[in-house]
Amino acid sequence: TRVAEHKGRTYFDLADHEWRVAEVTPQGWQIISDPPVKFRRSAGVLPLPLPEAGGCIEELWKILNCGSRANWILLLAWLLASLRPRGPYFVLVLYGEQGSSKSFLERLLRSLIDPSTPPVRTAPKDERDLMIGARHHWILALDNLSHVPEWLSDALCRLSTGGGLATRRLYTDDEEEIFDATRPSVLNSIESVVTRADLVDRGLIVELPQIPDERRRPEKEILAEFDRMRPRILGALLDAVSVGLKNFETVTLDSLPRMADAAKWVAACEPALPLETGEFLETYLGNRAGAVEATLEADPLAATVRALMEDKPSWEGTPSELLDELEHLADDRTCKSKAWPGSANWLSRKLRRSATFLRSAGIDIELP
């Protein structure tokens, strides 16, 4: 579906009527009509323009509401990671107040790699619907989420790093339907609705600024400009993929973050990008550190654990004893909230989920 790998080469389906494909090697890229891999095209898949050589990815900066260079680097990293045939893939999270062009930006980013109709979708009703979408499309784009339930958060994690779903095939008694996919994904919301540590750990969290009235442009005008530059931008992205194929096995990172393979891939592409050496990794680690801190602050349990350990070198006891200790520190409103663990077993499960982020804040947790 859209992107494939064969003998160290990447194949990118343009999905046009001539069945043309971009073949990318460490030496460059070319357009061919007889690739050694077979692509499937589901309903809704739209064609891409013929890529043009000599383009500059910075052209895209002119029409995107990024707000900062750090945001621009994160958007670029998501695009390049999404062009790799194998995961893991970052989950791009766009949020900002009304009028920050979240949905419009999401549509533009998706249309650079995997245009489809509709370009963005509402949240799926269950994991089966999510995996059906992943089977038929390369990129999953979810629009205007008001919250991310636990099952969707877990499913997006599996989609990011690899996983599947086995369920009973419809209209049968004992036949099994297996969905297995690893896909890039992007979602947007007014506030950051990604709060569970495991999904935050896979995310690129981008807060978009409000667009002042004097800088607003008609959507039709922006789309016309975008369509004119899209072949050059696509060519520039393929140039970067070629450099990434050449450098991936030899590039080294000073530190390995959670999404090490995806980060290493973007770093391998960096020489073909308008970035300083190491700029992506510095930006990514800064974004992750900010997301970790925001997640810890938003989690009442994690915040109370930090308060407990503020003046203690260590604490030891059973989960039940710890829950009693934490409830003495927390106020009634916090203890009655849905996020607060109601039992020792629940406390243990929530601490396991928060352990990685708490460790980054200097608190090690050893559970029985």
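Further up the page is the structure itself.
In this report, we go over the structure that sits alongside the text. The structure presented is a predicted model; accordingly, all values stated were derived computationally and were not measured. (Residues numbered from 1 in each chain as written. Predicted model: local features only at pLDDT ≥ 70, side-chain atom pairs only at ≥ 80, totals over all residues. Heavy atoms only, no water.)

So, about unusual backbone geometry. Of the consecutive residues Gly87 and Pro88, the connecting peptide bond is found in the cis state with omega at 5 degrees. The residue Pro88 is located in the loop between helix H1 (69-82) and strand E5 (91-95) in this model. Of note, the bond from Thr117 into Pro118 is cis; its omega dihedral lies within 30 degrees of zero at -5 degrees. Tracing the sequence through the fold places Pro118 in the loop between helix H2 (102-113) and helix H3 (127-136). The residue Ala15 is not glycine, and still its phi comes out positive at about 55 degrees. Mapped onto the fold, Ala15 is located in the loop between strand E2 (9-13) and strand E3 (21-25). Even without glycine at this site, Asn144 takes up a positive phi of about 55 degrees. Secondary-structure assignment places Asn144 in the loop between strand E6 (140-142) and helix H4 (150-161). (Helix = DSSP H or I, 4+ residues; strand = E, 2+ residues; numbered from the N terminus.)

As a further point, take the packing of aromatic side chains. Summed over all chains, the structure comprises five aromatic pairs. Measuring from centroid to centroid gives 5.6 Å for Tyr89 and Trp138, while their planes differ by 80 degrees, and the two rings are edge-to-face. Residue Tyr89 is found in the loop between H1 and E5, and its partner Trp138 is found in the loop between H3 and E6; the two are separated by 49 residues along the sequence. For Trp138, a relative accessible area of 3% corresponds to the buried category. Judged by centre distance (6.2 Å) and plane angle (55 degrees), the ring pair of Phe248 and Trp265 falls under tilted. One end of the pair, Phe248, is in the loop between helix H6 (219-247) and helix H7 (260-269); the other, Trp265, is in helix H7, and 17 residues separate them in sequence. Each of the two residues, Phe248 as well as Trp265, counts as buried. An aromatic cluster is defined as three or more aromatic residues linked by ring pairs; in this entry it consists of Phe90, Phe280 and Tyr284. Over the face of the ring belonging to Phe248 we find Arg84, whose NZ or CZ atom lies 4.7 Å from the ring centre. Lying across the ring of Phe248, Lys264 places its NZ or CZ 4.7 Å from the centre. (Phe/Tyr/Trp six-rings, centres within 6.5 Å; stacked < 30°, edge-to-face > 60°. Buried < 20%, exposed > 50% of the residue type's maximum accessible area, 1.4 Å probe, protein only. Lys NZ or Arg CZ within 6 Å of the ring centre and 35° of its normal.)

In a beta sheet, neighbouring strands pair by backbone hydrogen bonds and run either parallel or antiparallel. With respect to topology, four strands assemble into an open sheet ordered E6-E9-E5-E10, the strand pairing being parallel. Only two strands of the sheet have a single partner each, and these edge strands are E6 and strand E10 (203-207). When the angles between neighbouring strand axes are averaged without regard to direction, this sheet yields 15 degrees. Bridging between E6 and strand E9 (residues 185-189) involves three bridges; their strand directions are parallel. Each bridged residue has a counterpart across the sheet, and for Leu142 the counterpart in E9 is Leu187. (Pairing = 2+ DSSP bridges. Axes fitted to C-alpha atoms, helices over the stretch in contact; angles between N-to-C directions.)

Further remarks concern the packing of H6 against H7. Across the interface, H6 lies against H7 with an axial gap of 7 Å and an inter-helix angle of 110 degrees. Classified by the angle their axes make, H6 and H7 are roughly perpendicular. As H6 packs across H7, the resulting crossing turns out to be right-handed. Side by side, H6 and H7 meet where Ala240, Val241, Val243, Gly244, Leu245 and Asn247 of the first sit next to Trp265, Ala268 and Cys269 of the second. Of the residues in the contact of H6 with H7, the class split is seven nonpolar, two polar and no charged. (Parallel < 35°, antiparallel > 145°, perpendicular 65-115°, else oblique. Left-handed = near helix turned anticlockwise from the far one by under 90°. Contact = heavy atoms within 4.5 Å. Nonpolar A, V, L, I, M, F, W, Y, C, P; charged D, E, K, R; others polar.)

On to the pattern of salt bridges, then. Taken as a whole and assessed by the stated rule, the structure comprises 23 salt bridges. The salt bridge involving Arg9 is made with Glu23; its shortest N-O contact spans 3.3 Å. Of the two residues, Arg9 sits in strand E2 while Glu23 sits in strand E3, which places them 14 residues apart along the sequence. Given a relative accessible area of 7%, Glu23 falls into the buried group. (Salt bridge = Lys/Arg side-chain N within 4 Å of Asp/Glu carboxyl O.)

Interhelical geometry of H1 versus H2 gives an angle of 35 degrees and a closest axis separation of 10 Å. The crossing of H1 and H2 is right-handed. Each of Leu75, Trp78, Leu79 and Ser82 in H1 lies in contact with H2, whose residues at this interface are Leu105, Leu109, Leu112 and Ile113. Residue composition of the contact of H1 with H2, grouped by class: seven nonpolar, one polar and no charged.

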